[in-house]
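# A structural walkthrough
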Amino acid sequence: MTIETTPPVRSLAPAARAVDVLGGDLTEASLRRYLEGIPGVDAVGLEQRAAGLGTRSIKTSSKRWALDKIIELIDLTTLEGADTPGKVRSLVAKAMTPDPSDLTTPRVAAVCVYGDMVPYAVAALGDAHLAKNPAGIAVAAVATAFPSGRASLAVKLADTADAVAAGADEIDMVIDRGAFLAGRYGLVFDEIVAVKEACRRADGSSAHLKVILETGELNTYDNVRRASWLAILAGGDFIKTSTGKVSPAATLPVTLSMLEVVRDWHRLTGEKIGVKPAGGIRSSKDAIKYLVTVAETAGEEWLQPHLFRFGASSLLNDVLLQRQKMTTGHYSGADYVTID
């Protein structure tokens with residue numbers, strides 16, 4: 001005789017947003033019901049809308065504004081195994097003065113590095129560091145066993161706390177995609193909650209948390225939407241498409257889907273969550289498509305560094321060349337900008 005048993009109800013780590021939305025029934029079962037109750041994505045409609053937004057043009061008079069806005073929204077990034085303190089110092093110098101021949105060029109929003117490179121970035125920024133200057137440049141650190149996320153929770157939390165203690169203003173964490181795809185939403189939720197707590201500093205303030213979904217491994221738009229809601233419910237300040245290490249990385253339809261989630265979250269709660277497409281955005285032409293998509297979906301108020309970022313390394317070079325073309329009437333040679 002087979003005796004059927006009901007699996008125990010597992011409570012989740014407390015997260016204010018989830019408590020507000022799900023109420024007192026904050027369990028793995030209630031989280032699953034909520035996420036699986038989210039309407040599916042009309043993939044054809046989503047891709048058609050993204051394609052339509054991608055064809056929008058902007059007036060020549062607005063192009064200079066758009067180029068400057070892109071620069072202001074960039075997380076200038078180096079995430080290579082061969083990174084050195086010298087390379088990070090060079091990255092910071094470029095972030096602070098993107099075009100030495102034109103000092104009207106705005107600074108980028110942040111530099112993004114591995115956790116062990118954070119002290120070098122902080123030192124190189126000096127008084128231009130966001131921690132010392134509200135108009136300064138932030139230091140973002142990837143953590144939680146980036147890019148795979150394959151480590152114990154203890155290691156992930158230590159990775160995060162170490163970067164925050166070194167001066168990181170922002171943490172870019174990766175979710176456990178294997179757990180998510182296996183339907184273990186509670187595990188992913190609890191890890192995000194724990195990493196959010198590890199972002200807390202001794203003075204009670206916290207580093208901002210960007211949650212990387214690695215959309216190229218999530219396979220469907222429905223999964224992207226569900227993971228976006230999960231990351232927000234668990235306390236993410238930003239939802240981010242990709243690590244840049246998996247193909248495809250950021251795409252316009254995926255980013256549009258995530259922007260629709262933050263728009264719907266704002267309508268539901270009044271709270272604004274950021275979005276960061278990362279990986280594969282290399283030209284100013286493509287970046288302008290993202291600006292249009294943000295403005296048309298979430299609203300123009302999202303075109304600020306605390307609500308939208310580009311994770312990029314080579315994008316800045318193309319934008320600088322386009323700015324120079326608008327000033328002089330011709331393109332500069334390849335040696336006009338530094339090669340990242």
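Attention in this report is confined to the structure presented alongside it. Here the structure is a predicted model, which is why all the values come from computation and not from measurement. (Residues numbered from 1 in each chain as written. Predicted model: local features only at pLDDT ≥ 70, side-chain atom pairs only at ≥ 80, totals over all residues. Heavy atoms only, no water.)

The next point concerns the sheet that holds strand E1 (residues 74-77). As summarised here, the arrangement of the 8 strands in space is E7-E6-E5-E4-E3-E2-E1-E8, forming an open sheet in which the pairing is parallel. The open sheet has two edge strands with one neighbour each: strand E7 (274-276) and strand E8 (310-312). Across the sheet, the axes of successive neighbouring strands diverge by a mean angle of 25°, strand direction being ignored. As judged from the 3 bridges shared by strand E5 (residues 208-212) and strand E6 (residues 238-240), these two strands associate in the parallel manner. Looking across to E6, one finds that Val211 is bridged to Ile239. Strands strand E2 (110-114) and strand E3 (138-142) of the sheet are contacted by helix H6 (residues 118-125), whose axis makes an angle of about 170° with E3. Where helix H9 (residues 185-198) meets the sheet, its contacts fall on strand E4 (170-174) and E5, and the angle it forms with E5 comes to roughly 150°. (Pairing = 2+ DSSP bridges. Helix = DSSP H or I, 4+ residues; strand = E, 2+ residues; numbered from the N terminus. Axes fitted to C-alpha atoms, helices over the stretch in contact; angles between N-to-C directions. Contact = heavy atoms within 4.5 Å.)

Relative to the assigned elements, Arg184 resides in the loop between helix H8 (177-181) and H9. The exposure class assigned to Arg184 is partly exposed, which follows from its relative accessible area of 47%. For Arg184, the residues in contact, after removing those within four places along its chain, are Glu28, Arg32 and Ala179. (Buried < 20%, exposed > 50% of the residue type's maximum accessible area, 1.4 Å probe, protein only.)

Inspection of the entire model under this criterion finds 6 aromatic pairs. Between Phe308 and Phe310, the aromatic rings sit 5.1 Å apart at their centres with planes inclined by 85°, giving edge-to-face as the arrangement. Summarising the burial analysis for this pair, Phe308 and Phe310 share the class buried. Taken together, Tyr34, Trp229 and Trp265 form an aromatic cluster joined through their ring pairs. (Phe/Tyr/Trp six-rings, centres within 6.5 Å; stacked < 30°, edge-to-face > 60°.)

Moving on to the pattern of salt bridges. The final tally for this structure, using the stated rule, is 25 salt bridges. With its nearest N and O atoms 3.4 Å apart, the salt bridge here joins Lys87 to Asp83. Glu197 serves as the salt-bridge partner of Arg200, at 3.3 Å between the closest nitrogen and oxygen. The structure contains a network of salt bridges with shared partners spanning Asp75, Glu170, Asp172, Lys210, Lys240, Lys276 and Arg309. (Salt bridge = Lys/Arg side-chain N within 4 Å of Asp/Glu carboxyl O.)

Note on strand geometry: in a regular strand, side chains alternate between the two faces of the sheet. The buried fraction of E3 is high, at 5 of 5 residues. Side chains Ala138, Ala140 and Val142 of E3 all project onto a buried face; the interleaved residues Val139 and Ala141 project onto the opposite face, where all are buried too. Judged from the 5 bridges that link them, E2 and E3 form a sheet pairing that is parallel. Residue Cys112 lies in a different strand from E3, and its bridge partner there is Ala140. The parallel pair E2 and E3 is bridged by H6, and the resulting crossover is right-handed. By the bridge criterion, 3 bridges tie E3 to E4 in an arrangement that is parallel. Note that in E4 the partner of Ala141 across the bridge is Ile171. Following the chain from E3 across helix H7 (residues 153-165) to the adjacent parallel E4, one finds a crossover that is right-handed. (Right-handed = clockwise from strand over helix to strand, strands pointing away.)

In this structure, Leu31, Ile70, Ile171, Phe189, Ile192, Phe310 and Leu315 are the most contacted members of the largest nonpolar core, which totals 94 residues. Leave out the neighbours within four places in its chain, and Ile70 touches Ser284, Ala287, Ile288, Leu291, Phe310, Leu315 and Val319. With 7 residues, the next largest nonpolar core counts Leu79, Ala140, Val142 and Val174 among its residues. (Core = buried A, V, L, I, M, F, W, Y, C linked by side-chain atoms within 4.5 Å.)

What follows covers the pairing of E1. Here E1 shows two buried faces, one formed by Ile74 and Leu76 and the other by Asp75 and Thr77. Where E1 meets E8, 3 bridges bridge the pair, whose relative direction is parallel. Each bridged residue has a counterpart across the sheet, and for Ile74 the counterpart in E8 is Phe310. One ladder, built from 3 bridges, connects E1 with E2; its direction is parallel. Following the sheet pairing, Leu76 is matched in E2 by Val111. Handedness of the crossover joining E1 and E2 through helix H5 (residues 85-96) is recorded here as right-handed.

Purely spatial values, then, with no claim about function.
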